[in-house]
Amino acid sequence: MKVAVLGLGAMGSQLVLRLLDRDVDVTGWNRDPARGPRAGIPAERLARSASDAVRDADVVLTMLADGRAVRSVVAGVLDAVPRKALVLDLSTSGPELSREVAGAVTGRGLRFAEAPVSGSVGAARGGTLTIMFGGGADELAAAEPVLRHLGRQTIHIGPIGTAATLKLCVNALLHTFNATLGEVLGAAVGAGIDLRTAYDTIGSSAIAAPFVGYKREAFLAAGLPPVACAVDVVRKDLELFLDAVPDPGLDAPTVRTAVGVVHRAQAAGLGQEDMATLAHLYRPGGTGER
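Cut-offs and rules
Residues numbered from 1 in each chain as written. Predicted model: local features only at pLDDT ≥ 70, side-chain atom pairs only at ≥ 80, totals over all residues. Heavy atoms only, no water. Helix = DSSP H or I, 4+ residues; strand = E, 2+ residues; numbered from the N terminus. Rg over C-alpha atoms; globule rule 2.2 N^0.38 Å. Buried < 20%, exposed > 50% of the residue type's maximum accessible area, 1.4 Å probe, protein only. Contact = heavy atoms within 4.5 Å. Axes fitted to C-alpha atoms, helices over the stretch in contact; angles between N-to-C directions. Parallel < 35°, antiparallel > 145°, perpendicular 65-115°, else oblique. Nonpolar A, V, L, I, M, F, W, Y, C, P; charged D, E, K, R; others polar. Lys, Arg positive; Asp, Glu negative; His and termini not counted. Salt bridge = Lys/Arg side-chain N within 4 Å of Asp/Glu carboxyl O.

Draft legend 1. Up close: the overall build of the chain. The helix and strand tally for the chain stands at 13 helices and eight strands. Compactness check: the chain gives a C-alpha radius of gyration of 20 Å against a globular reference of 19 Å for 290 residues, within 12% of the reference. Looking at the chain residue by residue over its 290 residues, the buried ones come to 49%. Contacts in the chain between residues far apart in sequence, at least 24 positions, make up 66% of those at least 6 positions apart.

Draft legend 2. Layout of unusual backbone geometry. Residues other than glycine seldom take positive phi values, yet Asp23 does so here, at roughly 60 degrees. Looking at the secondary structure, you find Asp23 in the loop between α1 (12-21) and β2 (25-29). What makes Asp23 exposed here is its relative accessible area of 72%. Backbone geometry at Ala252 places phi at a positive 50 degrees, although glycine is not the residue there. Structurally, the position occupied by Ala252 is in the loop between α12 (231-244) and α13 (253-267). A relative accessible area of 11% means that Ala252 is categorised as buried.

Draft legend 3. Local environment of the packing of α1 against helix α7 (residues 137-150). Their axes nearest at 9 Å, the elements α1 and α7 cross at an angle of 100 degrees. When the axis of α1 is compared with that of α7, the two are roughly perpendicular. Mapping the contact onto sequence places Leu15, Arg18 and Leu19 in α1 and Val146, His149 and Leu150 in α7. Across the contact of α1 with α7, the residue classes break down as four nonpolar, one polar and one charged.

Draft legend 4. Summary view of the side chain of Arg18. Residue placement: Arg18 occurs in helix α1. For the buried residue Arg18, which engages in no salt bridge, the nearest side chain bearing the opposite charge is Asp21, 5.3 Å off. Among residues more than four places away in sequence, those in contact with Arg18 are Ala124, Arg125, Gly126, Gly127, His149 and Leu150.

These values are about where atoms sit, not about what they do.
Structure follows, in structure tokens:
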């Protein structure tokens, strides 16, 4: 089986490295060609163009920044994708965009499915992602030989659009938790409690979750932490969630509050910093107005 991965950012590059570890014949491509070598992907596994990457592929994975990027990149490779291939979008694109891209792909006689993932960069590298699959049973069968290397489990959510919607629900919960965690840590530090003591106590409590463990260093960083999921991306995910809410009467007040916190962080110039940077808004002497 030959696999193409389009998009070699923080997650996409780790997918390529994981597949190489599993002896999968994989080729990667990124709009910025420097990203692949910086991630440690061998030069012989990098294509000069997206069309070159997909030309002989059985499965084409897209892991791109947003829906617009998915639409643009997929449209640019449709002439090169083999008729046998499955185009599988792992990005956080939202249900409307996912159905639009599905129509463009299937309209050319090709197969499409969505498989957004939940998990950290480390989970991508270690093959322990949770994968939400949207599409038909035949597409799932075609995707399984690749997805089994990338995830701890693949859950078939339903038709196109359902997995994309559930991914937004997962991310909305994650991002509101992230904002709340930053807020309560600020309260603890403001009360004279050591930051590490507060964090590790939370990490041992009933509210402990994998997120608390793998984001520890980012939250405890003295300066601005390294980027994994940037604040700008958090805003994109939350606003996609609000757009996808099927009932306009559901005000989603908690998510809207989190969006307000993200706006404050962006106004303070933190848009390209890691999502844990929101905690700096609440620390004594931190960034942003109280």
